[in-house]
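Chain residues, written in single-letter form:
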Amino acid sequence: MGTAIEYQKLMTEIVYINLPGPEAPAPGMSGGELLHGFLAELHRIPSQELRNTLEMLCNKWNIRYRETKG
């Protein structure tokens, strides 16, 4: 007889986006720096409805924004 609850352990990776990010693209930026700036810019969206959608998508894809102390 099997156990009452069966589960599968899933390996997930969390991606952290450090804030603040670059304000604008600059010559010579790497692809990672461009993506970082783009995602940081999305975090600054003034519309609460769009921010809620962004938060939902980030939770789905294990993306977390974090403020850097500096």
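**Brief notes about the overall build of the protein chain**
Along the backbone of the protein chain there are two helices and two strands. Shown N-terminal to C-terminal, the secondary structure of the protein chain runs as helices and strands in the order β-α-α-β. Residues classed as buried in the protein chain amount to 14% of the 70 residues present. Counted over contacts in the protein chain with a minimum sequence separation of 6, partners at least 24 positions apart contribute 47%. Accessible area for the protein chain stands at about 6200 Å²; split by element, carbon and sulfur atoms hold 59% of it.

**Regarding the pattern of salt bridges**
Scanning the model with the defined rule gives two salt bridges in all. Ionic pairing is found between Glu23 and Arg44, a salt bridge with its closest N-O pair at 3.9 Å. Taken together, the positions of Glu23 in the loop between β1 (15–19) and α1 (31–43) and Arg44 in the loop between α1 and α2 (48–60) put the pair 21 residues apart, joining distant regions of the chain. Classification of Glu23 by relative accessible area gives exposed; the value is 61%. Arg44 sits in the partly exposed class, given a relative accessible area of 32%. Salt-bridge contacts for Arg44 lead to Glu41; the nearest nitrogen and oxygen are separated by 2.7 Å.

**Remarks on the confidence of the model for the protein chain**
Per-residue confidence for the protein chain gives a mean pLDDT of 85, with 83% of residues at or over 70. For the protein chain, β1 is the element with the lowest average pLDDT, namely 88, and α2 is the one with the highest, namely 93.

**Considering α1**
Over its 13 residues, α1 runs 19 Å from end to end, which matches the ideal 18 Å to within 8%, given 1.5 Å per residue. Among the residues of α1, those classed as buried are Gly37, Leu39 and Ala40.

**Focus: the environment of Arg51**
Note on placement: Arg51 falls in helix α2. Residue class for Arg51 comes out partly exposed when judged on its relative accessible area of 33%. Dropping the residues within four chain positions of it, Arg51 is found in contact with His43 and Ile45.

**Quick look at a nonpolar patch on the surface**
Residues Met56, Leu57 and Trp61 make up a contiguous nonpolar surface patch of about 370 Å² in total accessible area. When you line up the elements, Met56 lands in helix α2. Judged by relative accessible area, which is 53%, Met56 ranks as exposed.

Cut-off values and rules
- Residues numbered from 1 in each chain as written.
- Predicted model: local features only at pLDDT ≥ 70, side-chain atom pairs only at ≥ 80, totals over all residues.
- Heavy atoms only, no water.
- Helix = DSSP H or I, 4+ residues; strand = E, 2+ residues; numbered from the N terminus.
- Buried < 20%, exposed > 50% of the residue type's maximum accessible area, 1.4 Å probe, protein only.
- Contact = heavy atoms within 4.5 Å.
- Areas by Shrake-Rupley, 256 points an atom, 1.4 Å probe, with all protein chains shown as cover.
- Salt bridge = Lys/Arg side-chain N within 4 Å of Asp/Glu carboxyl O.
- pLDDT = per-residue confidence, 0-100.
- Expected span 1.5 Å × (residues − 1).
- Patch = residues over 30% accessible without salt bridge, like charges linked within 9 Å, V, L, I, M, F, W, Y side chains within 5 Å.

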